[in-house]
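Structural overview
Chain by chain, the residues:
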Amino acid sequence: MVSSNPTLRRRRLAGTLRELRLARGMTIEEVANELMVSIAKISRLETGQRGASLRDVRDLCRIYQVTDEAQIEALMTLAREAKEPGLRQELGDLGDEAAYPYVELESGASRITEFQCCFLPGLLQTEDYARALIRGMLPRIEDNILNSRVLARMKRKELLRRQDAPHYWTLIDEAALHRNVGGVQVMRQQLLDIIEVARRPNVVVQVIPFSVGAYMGLDNSFAFLEIPDPSTPAVVFIEGLTTMEYLEKPSQLVPYKETIDYLRAAALHPQESVARIARICEEQFPS
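Read on for a plain summary of the structure. Remember, predicted model here, so these are calculated numbers, not experimental data. (Residues numbered from 1 in each chain as written. Predicted model: local features only at pLDDT ≥ 70, side-chain atom pairs only at ≥ 80, totals over all residues. Heavy atoms only, no water.)

1. Re the pattern of salt bridges
- The full count for this structure, using the stated rule, is 14 salt bridges.
- The shortest N-O distance in the salt bridge between R55 and D59 comes to 3.8 Å. Placement of the pair is R55 and D59 together in helix α4 (residues 54-63), with a separation of four residues, close to one helical turn.
- By relative accessible area, R55 is classed as exposed at 58%.
- Assessed through its relative accessible area of 14%, D59 is described here as buried.
- Of the charged contacts, one joins R162 and D164 as a salt bridge, the two residues approaching to 3.1 Å between their closest N and O atoms.
- A relative accessible area of 24% places R162 in the partly exposed class. (Salt bridge = Lys/Arg side-chain N within 4 Å of Asp/Glu carboxyl O. Helix = DSSP H or I, 4+ residues; strand = E, 2+ residues; numbered from the N terminus. Buried < 20%, exposed > 50% of the residue type's maximum accessible area, 1.4 Å probe, protein only.)

2. Structural notes on unusual backbone geometry
- Positive phi outside glycine occurs at M36, with the angle close to 60°.
- The topology assignment puts M36 in the loop between α2 (28-35) and α3 (39-47).
- For Q65, which is not glycine, the phi torsion reads 60° and is therefore positive.
- Among the secondary structure elements, Q65 is positioned in the loop between α4 and α5 (69-81).

3. Some thoughts on the packing of aromatic side chains
- Considering all chains together, one arrives at five aromatic pairs under this definition.
- With a centroid separation of 4.2 Å and 25° between ring planes, the pair formed by Y102 and F237 is classed as stacked. Placement of the pair is Y102 in helix α7 (residues 99-108) and F237 in strand β5 (residues 235-239), with a sequence separation of 135 residues. Of the two residues, Y102 and F237, both sit in the buried class.
- An angle of 55° between the planes, with centres 6.1 Å apart, marks the rings of F115 and F222 as tilted. Of this pair, F115 sits in strand β1 (residues 111-116) while F222 sits in strand β4 (residues 222-226), placing them 107 residues apart in sequence.
- Here a set of aromatic residues connected by ring pairs shows up, and it is made of F115, Y215, F222 and Y256.
- For R264, the ring lying beneath its charged end belongs to W169, and the centroid distance is 3.8 Å. (Phe/Tyr/Trp six-rings, centres within 6.5 Å; stacked < 30°, edge-to-face > 60°. Lys NZ or Arg CZ within 6 Å of the ring centre and 35° of its normal.)

Next up, the structure:
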């Protein structure tokens, strides 16, 4: 979506700074004391929650005894690129600063696994469905922000058609297919569109049928993003009513990997899933 990805640059820099500290055998507390800053600042720098300034990079390289000028300049470049405007300039005001990092992470991912239990995944939504869904969930949203969010959602879909498109595997609770968002015709076109997208070689759609009953992860929609850069860890994204949470510690990722395995086994086979979507379309949302 963008030629530069500030979020990935910041996360890559964060991972490298952490590796340099560990290589020196230093604790976060020791580094904070050396720089006379808070422990929280160093922690946020190493998790990408805070961007590193050029001075931060210079001082940390001194502490970690990095003397290779090419390596120092590479880190400086990452710090500069992490400050670039990124998606806000391209997409306009989305009404929430926390929304931009996710879109950038998604754009740079090589594999995306998404589970939705209440509504259809953003990467599969049509414009009419997206507009009705956002308006329904946020009835007081301003028109300009609504339009920006719908535009952003449509631009996000383009990554599934890129030459270097990520592998996208989505698991959808059957309830989301029955929920009438926007009216019969909007839902019909939405389900037909999912059937079409499911034909792409990089897309897998699975439906978790009602017959499964209660299952692991039922109360926790999420997206699991894997980044091709080995220095950038995978991340789980969870969106709530008023919060957007990013999980990346190994101990946090393990239960989500387990949940994904469980969901894939519990869901209908991809071909059966497409057939189920087609049946719901014809029976519940006829033309």
